[in-house]
Amino acid sequence: MVAVPQSFLAMPRWWHDEPGRAWLAELPELVATKCAAWQLEVDGDVTHGTNALVVPVRRLNEPAVLRLAPPGDDVATETAALSHWGGRGVVQLLDADLDARASLLERLNPAQSLQDVPIIEAVTILGGLTRLLAIPAPASAPSTAQIARDSAASFIAEWEAVGAPTPRGVVDAAVARASWLAEQPSSGESVDGDLHFEQVLAGGRHPWTVVDPVLFRGDREYDVGRVLWSRLDELPEDRDVFRAFDAFVDAADVPADRARAWVVARSMSYLVWGLARGLTWDPPKCIRLLGLFS
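Since the model is a prediction, treat every value here as computed from it, not as a measurement.

Student: Would you explain the overall build of the chain in this entry?
Tutor: Counting its secondary structure elements, the chain contains 10 helices and 11 strands. A globule of 294 residues ought to have a C-alpha radius of gyration of about 19 Å, and the chain, at 20 Å, matches this closely. With the principal axes as the frame, the chain shows a C-alpha extent of 60 × 40 × 40 Å. When burial is assessed residue by residue, the chain has 50% of its 294 residues classed as buried. Taking the intrachain contacts of the chain between residues at least 6 apart in sequence as the baseline, contacts between residues at least 24 apart amount to 70%. Seen as two clouds, the 26 positive and the 40 negative side-chain charges of the chain have centres 3 Å apart.

Student: Even after reading the chapter, I still don't get helix H3 (residues 75–85), so can you show me in this structure?
Tutor: Think of an α-helix as 3.6 residues a turn; residues three or four steps apart then line up on the same face. Residues Val75, Thr79, Ala81, Leu82 and Trp85 constitute the buried set of H3. Down the axis of H3, the buried side of the element spans an arc of 150°, and every buried residue falls inside it. At the exit of H3 stands Gly86, carrying a positive phi of roughly 55°.

Student: What is the right way to read empty space enclosed by the protein from this model?
Tutor: With a probe scaled to a water molecule rolled over the atoms, the places where space remains empty come into view. Going through the model one piece at a time under the given rule, you end up with 1 cavity of 30 Å³ or more. Here the largest cavity is characterised by a volume of approximately 50 Å³. Broken down by secondary-structure element, the contributors of at least two residues to the lining of the largest cavity are helix H4 (119–133) and strand S8 (189–192). The greatest single-element share of the lining of the largest cavity, amounting to 3 residues, is contributed by S8. Looking at the lining of the largest cavity residue by residue, the class counts come to 3 nonpolar, 2 polar and 2 charged.

Student: Hey, could you run me through unusual backbone geometry in this one?
Tutor: The phi angle of most residues is negative, glycine excepted, and most peptide bonds adopt the trans form. In the Ramachandran plot, Ala164 falls in the positive-phi region, its phi being about 50° despite a non-glycine side chain. In this structure, Ala164 sits in the loop between helix H5 (144–161) and helix H6 (168–183). Positive phi values are uncommon outside glycine, yet Asp253 reaches one of about 60°. Mapped onto the fold, Asp253 is located in the loop between helix H8 (238–252) and helix H9 (256–276). A relative accessible area of 47% places Asp253 in the partly exposed class.

Student: What exactly am I supposed to notice about the sheet that holds strand S9 (residues 200–202) here?
Tutor: Adjacent strands of a sheet pair through backbone hydrogen bonds, lying either parallel or antiparallel. As summarised here, the arrangement of the 3 strands in space is S7-S9-S10, forming an open sheet in which the pairing is antiparallel. Two strands bound the open sheet, and with one partner strand each, they are strand S7 (109–113) and strand S10 (208–210). When the angles between neighbouring strand axes are averaged without regard to direction, this sheet yields 55°. Note: S7 against S9, 2 bridges, orientation antiparallel. Following the sheet pairing, Asn109 is matched in S9 by Ala202. Strands in contact with H4 are S9 and S10; relative to S10, the strand with the most contacts, it is inclined by about 60°.

Student: It is not clear to me how the environment of Val42 should be interpreted in this structure. Could you clarify?
Tutor: Inspection of the secondary structure puts Val42 in strand S1 (residues 40–42). Judged by relative accessible area, which is 41%, Val42 ranks as partly exposed. Taking the C-alpha atoms as reference points, Val42 and Ala32, 10 residues apart in sequence, are found 9.3 Å from one another. Excluding anything up to four places from it in sequence, Val42 contacts Val2, Cys35, Val55, Pro56 and Val57.

Student: Which parts of the structure should I look at to understand the nonpolar core?
Tutor: Grouped together as the largest cluster of nonpolar side chains are 71 residues, with contacts concentrated most on Leu114 and Met268. Of all the elements, H9 adds the most residues to this core, at 10 residues. For Leu114, the residues in contact, after removing those within four places along its chain, are Ala122, Ile125, Leu126, Phe197, Val200, Trp208 and Arg231. By size, the runner-up hydrophobic cluster in this structure holds 21 residues, among which are Met11, Trp14, Trp38 and Val55.

Student: I keep staring at the pairing of strand S4 (residues 62–68) and nothing clicks. Help me out?
Tutor: Consecutive side chains along a regular strand alternate between the two faces of the sheet. Taken across its 7 residues, S4 has 5 buried, putting it largely inside the fold. Here 7 bridges tie strand S3 (residues 53–59) to S4, and the two strands are oriented antiparallel to one another. Paired with Arg58 across the strands is Pro63, a residue of S4. Two elements, S4 and strand S6 (residues 102–106), share 5 bridges in a ladder whose sense is antiparallel. Bridging from a neighbouring strand, Leu68 pairs with Ala102 of S6.

Student: Sorry if this is basic, but what is going on with the pairing of strand S5 (residues 93–97) here?
Tutor: Relative to S6, S5 runs antiparallel, the two sharing 4 bridges. Its bridge partner being in S6, Leu93 is matched across the sheet by Leu105. Taking the residues that link successive antiparallel strands as the turn, the S5-S6 hairpin has 4 residues, and the phi of Arg101 there is positive, at about 55°.

Cut-offs applied
- Here, residues in each chain are numbered from 1, in the same order as that chain's written sequence.
- Local features in this predicted model are restricted to residues whose pLDDT is 70 or higher, and side-chain atom pairs enter the listing and the counts only when it is 80 or higher, whereas totals over whole chains, interfaces and linings include all residues.
- Water and hydrogen atoms play no part in the side-chain values, which are based on all heavy atoms of the structure.
- Starting at the N terminus, helices and strands are each numbered in turn, a helix being any DSSP run of H or I of at least four residues and a strand any DSSP run of E of at least two.
- Note that the radius of gyration is over C-alpha atoms, with the globule rule given as 2.2 Å times the number of residues to the power 0.38.
- Per-residue accessibility, obtained with a 1.4 Å probe over protein chains only, is compared with the maximum for each type, and a residue is labelled buried under 20%, exposed over 50%, and partly exposed between these values.
- We call two residues contacting when some pair of their heavy atoms lies within 4.5 Å.
- When charges are tallied, Lys and Arg are placed among the positive residues and Asp and Glu among the negative ones, while His and the ends of the chain are skipped.
- Just so you know, the charge point we use is NZ for Lys, CZ for Arg, CG for Asp and CD for Glu.
- Summarising the geometry, the arc corresponds to the directions from the helix axis toward the C-beta atoms.
- In the cavity and pocket records, a cavity denotes points on a 1 Å grid over the protein atoms alone where a 1.4 Å probe fits but cannot get out, a pocket denotes an open set with protein on both sides within 12 Å along at least 5 of 7 lines, and lining residues are residues with an atom within 4 Å of a point.
- Grid points are joined across faces, edges and corners, and a volume is the space filled by probe spheres set on the points.
- Residue polarity is assigned by list, with Asp, Glu, Lys and Arg as charged and Ala, Val, Leu, Ile, Met, Phe, Trp, Tyr, Cys and Pro as nonpolar; anything else, Gly included, falls into the polar class.
- In this analysis, strands are considered paired if DSSP registers two or more bridges between them.
- The axes are straight lines fitted to the C-alpha atoms, using for helices just the contacting stretch, and the angles between their N-to-C directions are given from 0 to 180°.
- The nonpolar core is taken to be a set of buried Ala, Val, Leu, Ile, Met, Phe, Trp, Tyr and Cys residues, with the residues joined through side-chain atoms within 4.5 Å.

What follows is the structure, given as structure tokens:
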């Protein structure tokens, strides 16, 4: 039986999640069951992310990881995204059991992510991965144009609900940018809608590999705002921010005007979302980006 890390058991997300706590108690047995079913041998220390347990294993002497997700986690959508990309820039899916919320994945190095790489180099790598992932998307994937359309319709009310945290002209600019993005023709490309440094790991078949991608359809520049705010504290001067922005745009090969519009739309979206949930660390970053790009 594996031991579930205390750091995972103590996460605040479980405090008010009774099904989640019950799942935690069952985890050692769940791991043992999947190891028996898939002929796996535990091969290292158990780790975890924000919501899933990750167990290093071997199958027929090949290294892999067993990932177990809690009740409520949309494993079907996650595995469908991995299957869609088929290992192209993303971690390779080796097996899946949707009923058990279990997946067997290519083993990467959880101790080395893009978070540890100098910022401009890391942004350039993210841009290159974005370009690599831009294959034709299924029509069923959520559309970035629809996200922009919904944002344009909701920004004013959401901004007012959190106390009008920016000048009115800034939210008006966000509405205008989101409306413009919604009206533009979409390329229909595959996009990772949750792109950031900590979800790109070293190891495996490629120097850097995306984990936990969220499959969207539309503009590959959709998440450049998140790329910037994720490590904005490492970009103290305005020229540093624009240098990082240009590095992403060049590496991803995307239109700069659309990328700027997405920085504004995504920053406003995260600002009002974060303030509504009591976040204090990221909203000032969003406000800074809105001031620079709107």
